[in-house]
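Observations on the model geometry
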Amino acid sequence: MSADADDAGDAADVLTLRRLWQQTADVLGSRHEARWICEVATALDGDEFEAALDQPVTERMVQHHDAMVARYRSGEPLQYVLGRWGFRRLDLAVDRRVLIPRPETELVVESVLDLVRDLPHRRIADLGTGSGAIGLALADELPLDGTEIWLSDADGDALDVARANLAGIGRAARNVRVNQGDWFEALPDGDRFDVIVSNPPYVADGSELLDASVREWEPAVALFAGADGLDDYRRIVPGASEHLTTTGSLVLEIGTDQGAAVRSMCLAAGFRTVDVRPDLAGHDRLVIATR
Ligand code: GLN
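1. Looking at helix α9 (residues 156–169)
- The terminal C-alpha atoms of α9, which comprises 14 residues, lie 20 Å apart, in line with the 20 Å expected from a rise of 1.5 Å per residue.
- Turning to α9, its buried residues number three or more, namely A158, L159, V161, A162, N165, L166 and I169. All buried residues of α9 lie within an arc of 155° about the axis, which places them on one face of the element. Projecting away from the buried face of α9 at angles above 90 degrees are the exposed residues A167 and G168.
- Along its buried surface, α9 packs onto β2 (90–93), α8 (133–141), β4 (147–153) and β5 (176–180).
- With a side-chain oxygen lying 3.0 Å from the backbone nitrogen of D157, the N-terminal cap of α9 falls on D155.
- Just downstream of α9, G170 is the residue with a positive phi angle, here 65°.

Structure, rendered in structure tokens:
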């Protein structure tokens, strides 16, 4: 190393945020992903990030940054590396205790909003909430007055993530309750809900279709549901009516090849209308069953 380069204060030696971002983009081949990592490392985003581009980054930021880049390059999903991910209007904490929130699940939220928006009061349960994505997005987007939302999960580790996210949304969480329990066991006896919504595990054990990265990194307990992936629907669908109002609906995310099977289950359980809807890719992704 030359004496010149050693010279403290030499401008070329100063690692600014702009240079860190550029170096990261070169390594990862993506300015977007590099930016997200730099944002989390510096705890800056939006205008604050832009305003700091010519500031030097600290040693601690670089260490955090380098650790994230190493994890990402070893194959860990970016969402877990960052420890947060966007879902509708929320920025959710996510880690390996919960599924990564997916765009198709945003449509589940949209469907529930359509069902309850015009009701004077609405009580909703999000069963198997994981990170809290569905229920907390509903809490965030519905009026505080007249809305009551229950979040449940059988998995206490997942529920810790949901509670952290609940704290993160602040005031909008005043009408949210969290309860640990397996499907309906988490709900209060005798209370009726306008909507019960769930994105349960629905992948067939040993499915060849599942992405290798999902299988390797995401929690098996949130993914797999028996030989045909339908085991949890077999518990949820028949039990739902006794927790729904007389006009209430059950809204379920489903696997693309499960529309017919879940529709039959809902009809057998006495639901009068059952609507199977596609996601943005045109694959069946959602069932809305109404009493
Ligand atoms: N949509 C997820 C996947 O196929 C599965 C989610 C789930 O089982 N609820 O990767």
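2. What to know about the pattern of salt bridges
- Under the criterion given, the structure shown has 20 salt bridges.
- Residues R71 and E76 are paired through a salt bridge, measuring 2.7 Å at the closest nitrogen-oxygen approach.
- Using a relative accessible area of 34% as the deciding quantity, one classes R71 as partly exposed.
- Notably, a salt bridge pairs R163 with D160, separated by 3.7 Å at the nearest N-O pair. Of this pair, R163 and D160 both sit in helix α9, 3 residues apart, which is roughly one turn of that helix.
- One network of salt bridges, in which partners are shared, links R35, E39 and E50.

3. Thoughts on the layout of surface pockets
- Within this model, the largest pocket holds a volume of roughly 1,000 Å³.
- Surrounding the largest pocket, 47 residues form its lining, L99, Y202, V203, A222 and L223 being those nearest its centre.
- Elements supplying a minimum of two residues to the lining of the largest pocket: α7 (103–116), α8, α11 (220–223) and α12 (231–240).
- Ranked by residues supplied to the lining of the largest pocket, first place goes to α11 with 3 residues.
- Among the residues making up the lining of the largest pocket, the classes are represented as 22 nonpolar, 11 polar and 14 charged.

4. Overview of the site of the ligand
- In the neighbourhood of the ligand, the contacting residues comprise L99, R102, N199, P200, P201, Y202, V203, L210, V214, A222 and L223.
- Between R102 and the ligand, the recorded distance is 3.1 Å, taken from a side-chain N or O atom to an oxygen atom.
- Side-chain polar atom of Y202 to a nitrogen atom of the ligand: 3.0 Å apart, as the coordinates give it.
- When the free accessible area of the ligand is taken as 300 Å², the share hidden by the protein chains comes to 87%.
- Judged by the fraction of its atoms near the pocket grid, the ligand is located in the largest pocket.

5. Considering the packing of aromatic side chains
- By the definition in use, this model includes 3 aromatic pairs.
- Ring centres of W150 and F193 lie 6.4 Å apart, and the angle between their planes is 85°; on these two criteria the pair is classed as edge-to-face. Of this pair, W150 sits in strand β4 while F193 sits in strand β6 (residues 193–198), and the two are 43 residues apart along the sequence.
- Cation over ring: R123 sits above F193, and NZ or CZ is 5.8 Å from the ring centre.

Cut-offs used in this document
Residues numbered from 1 in each chain as written. Predicted model: local features only at pLDDT ≥ 70, side-chain atom pairs only at ≥ 80, totals over all residues. Heavy atoms only, no water. Helix = DSSP H or I, 4+ residues; strand = E, 2+ residues; numbered from the N terminus. Expected span 1.5 Å × (residues − 1). Buried < 20%, exposed > 50% of the residue type's maximum accessible area, 1.4 Å probe, protein only. Arc of directions from axis to C-beta. Contact = heavy atoms within 4.5 Å. Polar contact = N/O pair within 3.5 Å; in protein donor to acceptor, adjacent residues only side chain to side chain. Salt bridge = Lys/Arg side-chain N within 4 Å of Asp/Glu carboxyl O. 1 Å grid on protein atoms, 1.4 Å probe; cavity = no way out; pocket = protein on both sides within 12 Å on 5 of 7 lines; lining within 4 Å. Points joined across faces, edges and corners; volume = space filled by probe spheres on them. Nonpolar A, V, L, I, M, F, W, Y, C, P; charged D, E, K, R; others polar. Near = heavy atom within 4 Å. Areas by Shrake-Rupley, 256 points an atom, 1.4 Å probe, with all protein chains shown as cover. Sits in = over half its atoms within 2 Å of the grid points. Phe/Tyr/Trp six-rings, centres within 6.5 Å; stacked < 30°, edge-to-face > 60°. Lys NZ or Arg CZ within 6 Å of the ring centre and 35° of its normal.

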